[in-house]
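The chain contents come next:
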Amino acid sequence: MSEKKNIITIDGPSGVGKSTVSRKVAAAVGFTYLDTGAMYRAVGLHLSRLQIDLEDKGNLGRVLEALTLDLIPAAEEESDVQVIMNGEDVSEAIRTPEMAMVASRVSADAAVRQFLTQVQKNYGAAGRIVAEGRDTGTVVFPDAAYKFFLDAQPEERARRRVLQLQRKGCRVDFVEILAMTLERDHQDRNRAVAPLRPAEDAVLIDTTEIDIEEVVNRILAVVRGK
Ligand code: DC
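Residues numbered from 1 in each chain as written. Predicted model: local features only at pLDDT ≥ 70, side-chain atom pairs only at ≥ 80, totals over all residues. Heavy atoms only, no water.

Chemist: So what exactly am I meant to see when it comes to the overall build of the chain here?
Modeler: Scanning the chain from N- to C-terminus turns up nine helices and eight strands. Taking 17 Å as the expected radius of gyration for a compact globule of 226 residues, we find that the chain reaches 17 Å, a close match to that expectation. Considering only C-alpha atoms, the chain reaches an extent of 50 × 45 × 35 Å along its principal axes. Residues counted as buried form 50% of the 226 residues belonging to the chain. For the chain, long-range pairs separated by at least 24 residues make up 74% of all intrachain contacts whose partners lie at least 6 apart in sequence. (Helix = DSSP H or I, 4+ residues; strand = E, 2+ residues; numbered from the N terminus. Rg over C-alpha atoms; globule rule 2.2 N^0.38 Å. Buried < 20%, exposed > 50% of the residue type's maximum accessible area, 1.4 Å probe, protein only. Contact = heavy atoms within 4.5 Å.)

Chemist: Quick question: what am I supposed to make of the pairing of strand β3 (residues 69-72) here?
Modeler: Walk down a regular strand and you will see the side chains alternate between the two sheet faces. Side-chain alternation along β3 places L69 and L71 on a buried face and D70 and I72 on a face that remains uncovered. Across four bridges, the pairing between β3 and strand β4 (residues 82-85) is antiparallel. The partner of L69 across the bridge, within β4, is M85. (Pairing = 2+ DSSP bridges.)

Chemist: Any chance you could explain the sheet that holds strand β2 (residues 32-35) here in plain terms?
Modeler: What holds strands together in a sheet is hydrogen bonding between their backbones, with the strands either parallel or antiparallel. Judged by pairing direction, the sheet is parallel, and its five strands sit side by side in the order β2-β6-β1-β7-β8 without closing on themselves. The strands lining the two open edges of the sheet, one partner per strand, are β2 and β8 (203-206). Averaged over all pairs of adjacent strands, the angle between their axes in this sheet comes to 20 degrees, without regard to strand direction. Pairing of strand β1 (residues 5-11) with strand β7 (residues 144-151) involves five bridges; the strand directions are parallel. Bridge pairing links K5 to A144 in β7. (Axes fitted to C-alpha atoms, helices over the stretch in contact; angles between N-to-C directions.)

Chemist: Explain the site of the ligand to me, please; I cannot follow it from the model alone.
Modeler: Near the ligand lie 15 residues; those nearest to it are R41, R113, R184, D188 and R191. A distance of 2.9 Å is found between an oxygen atom of the ligand and a side-chain nitrogen or oxygen belonging to R184. Residue classes in the shell around the ligand are distributed as two nonpolar, five polar and eight charged. (Near = heavy atom within 4 Å. Polar contact = N/O pair within 3.5 Å; in protein donor to acceptor, adjacent residues only side chain to side chain. Nonpolar A, V, L, I, M, F, W, Y, C, P; charged D, E, K, R; others polar.)

As structure tokens, then:
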């Protein structure tokens, strides 16, 4: 077996608290936070603006080849990463419930996944990252030293998403967000390529009844070998 890489992966379904937990873990251990979902959102935004049909493989390939993505970690621990796509700051534009659905749809495409998996591997080549997403422990960094899979009841995840969006000033409806959460779960878990599932060697944490600090503490206890 290949040597374990100095990488922590944190996967799980939408709204489980992965981003907040990952940012805190990264800050605590001094690693860089890698938000792979932001990349799928950016590609989703790009393809929908250009009205690229995922079935049009030639066009899709050309568009992906020409795409540049830069993720700049935020200065404050609470903020999302800044996403620069082909020189444009799309950080705000990608953080809507609609773009989450688009990202989930385009993320089922094999060419999109192959492209972003390589971008993510490049980010992680030097190690010292906390990667967050759906397949970071199974596909992107199978040799990561520490893998975690967070889960929670869909209603609790929808409740957290609503609070998160409300804090940003968005008007959202719980029933609608719950429906989107369930639909994304279905799409992300059932796609043919790199479906959402825990790596065999991942530590599973059900966060339904525990708060963010407790999740972070459990992860840090494993990483620090306590
Ligand atoms: O984590 P997020 O909500 O920003 O992710 C948006 C979508 O991107 C998610 O519904 C599925 C997809 N995604 C993925 O397929 N693989 C990843 N590693 C990260 C996200």
